[in-house]
Amino acid sequence: MTAGRILTEASARLAAAGVDEPGLNAQWLLADAVGVERLRLLAEPDTPVPPAAREKFEKGLLLKEQGLPLAYILGWQDFRGLKIKVDKRVLVPRPETEELAGLAADFLRGRKGALSALDYGSGSGAIGLWLASEFPALGVAGVEKSARAVRCARENALTLGLAARVRFVRGESLSAVRGRFDVIVSNPPYIPTRVIPGLAPEVLSEPRVALDGGGDGLDVVRMLLRLSPSRLKKGGALLLELGEDQAGKVLASLPQDAWKDKRTFRDLRGVERFVFARKK
Ligand SMILES: C[S@@+](CC[C@H](N)C(=O)[O-])C[C@H]1O[C@@H](n2cnc3c(N)ncnc32)[C@H](O)[C@@H]1O
């Protein structure tokens with residue numbers, strides 16, 4: 001069978017299973033199984049698909065029909081051009097978090113001297129690793145509660161050749177690291193506990209510790225607000241990704257005597273998503 005025909009049938013199957021973007025998911029799975037670029041499959045729909053590739057594709061398709069995130073099936077997620085290994089140990093990095101990392105980079109570009117960054121709740125390590133790849137002299141620390149996620153992040157650091165400058169440690173608070181940073185960037189768990197059961201099955205297949213932010217979703221955020229002044233250099237920045245309706249509230253809770261240049265940023269969908277503040 002040709003790639004084009006397989007894609008048509010697979011898209012219909014995924015749509016029937018209620019999968020979002022069925023065509024795109026089918027394309028990624030088939031490109032991975034055949035071992036070619038996705039766009040090449042689209043440009044050359046008459047490409048024959050050998051039986052072994054067909055079998056691999058069929059397995060991936062079944063997993064997708066069952067609601068597994070595409071990135072877990074492929075084993076990786078693109079993060080601002082970096083290929084980040086992901087599996088059930090870690091949250092799949094989201095497009096908003098690529099924007100968060102971009103904001104951290106914008107801030108670091110304006111700083112002088114030996115630069116350092118902290119990725120709090122590092123998961124797969126995507127934010128910290130991308131920042132390290134962007135700034136050749138940047139030192140990066142990642143703190144992460146889940147030991148399994150720390151292992152995944154370290155694997156990514158090794159694969160990407162960044163292990164000399166990026167170290168991931170297990171910890172549940174900012175006191176897990178010493179020293180002061182130019183930027184503390186975090187995409188913490190921020191979903192209120194009561195909301196978790198109603199999340200899409202795909203999201204529920206990700207680690208609960210990566211999602212559950214406690215009663216109002218802000219348990220980890222409160223700890224970060226309390227402790228980050230002692231872990232930032234003068235003029236250093238705290239940058240947080242938050243859930244809808246949380247950023248304004250968190251911004252307002254930052255005391256004037258400790259913080260300056262406080263503001264929020266909207267994500268590409270227009271949601272007030274990120275909080276930025278500099279230590280006085
Ligand atoms: C929303 S995920 C973000 C993962 C990754 N930074 C990303 O953006 O893809 C939150 C991460 O924080 C970790 N985490 C949860 N509670 C934590 C805590 N108290 N201290 C450190 N990490 C925590 C979770 O295990 C998870 O990896």
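Keep in mind the model is a prediction, meaning the values are calculated, not measured.

### A word on the environment of Val-250
Right, on to step 1. You can see Val-250 is positioned in helix H11 (residues 247-252).
Right, on to step 2. Here Val-250 falls in the buried class, since its relative accessible area comes to 3%.
Right, on to step 3. Separated by 14 residues in sequence, Val-250 and Thr-264 place their C-alpha atoms 9.6 Å apart.
Right, on to step 4. Excluding residues within four positions of it along the chain, Val-250 makes contact with Leu-218, Val-221, Leu-225, Leu-240, Leu-242 and Val-275.

### What to know about unusual backbone geometry
Right, on to step 1. Even without a glycine there, the phi angle at Asp-245 is positive, about 75°.
Right, on to step 2. Tracing the sequence through the fold places Asp-245 in the loop between strand S7 (232-241) and H11.
Right, on to step 3. Unusually for a residue other than glycine, Asp-261 sits at a positive phi of about 50°.
Right, on to step 4. With respect to the helices and strands, the residue Asp-261 is situated in strand S8 (residues 259-266).
Right, on to step 5. Given the relative accessible area of 43%, Asp-261 is considered partly exposed.

### What about the domain arrangement of the protein chain?
Right, on to step 1. Parsing the protein chain into structural domains produces domain 1 (3-67) and domain 2 (76-279).
Right, on to step 2. Here the C-alpha centre of domain 2 lies 33 Å away from the C-alpha centre of domain 1.

### Some thoughts on the site of the ligand
Right, on to step 1. The immediate surroundings of the ligand are formed by 19 residues, with Tyr-120, Gly-121, Glu-144, Asn-187 and Ala-210 found nearest.
Right, on to step 2. Between Gly-121 and the ligand, the recorded distance is 2.8 Å, taken from a backbone N or O atom to a nitrogen atom.
Right, on to step 3. Calculation on the ligand without its partners gives an accessible area of 590 Å², and the protein chains cover 95% of this total.
Right, on to step 4. Considered class by class, the residues forming the shell around the ligand number nine nonpolar, seven polar and three charged.

### Some words on the pairing of strand S9 (residues 272-279)
Right, on to step 1. S9 sits mainly inside the fold: six of its eight residues count as buried.
Right, on to step 2. In the sheet, S7 pairs with S9 via five bridges, with the strands oriented antiparallel. The residue bridging Leu-240 from the neighbouring strand is Val-275, located in S9.
Right, on to step 3. With six bridges joining them, S8 and S9 adopt antiparallel strand pairing. Note on S9: the bridge partner recorded for Lys-260 is Arg-278.
Right, on to step 4. In this antiparallel pair of consecutive strands, S8 and S9, the connection spans five residues, and Gly-270 shows a positive phi of 90°.

Conventions we followed
Residues numbered from 1 in each chain as written. Predicted model: local features only at pLDDT ≥ 70, side-chain atom pairs only at ≥ 80, totals over all residues. Heavy atoms only, no water. Helix = DSSP H or I, 4+ residues; strand = E, 2+ residues; numbered from the N terminus. Buried < 20%, exposed > 50% of the residue type's maximum accessible area, 1.4 Å probe, protein only. Contact = heavy atoms within 4.5 Å. Domains from an automatic or database assignment. Near = heavy atom within 4 Å. Polar contact = N/O pair within 3.5 Å; in protein donor to acceptor, adjacent residues only side chain to side chain. Areas by Shrake-Rupley, 256 points an atom, 1.4 Å probe, with all protein chains shown as cover. Nonpolar A, V, L, I, M, F, W, Y, C, P; charged D, E, K, R; others polar. Pairing = 2+ DSSP bridges.

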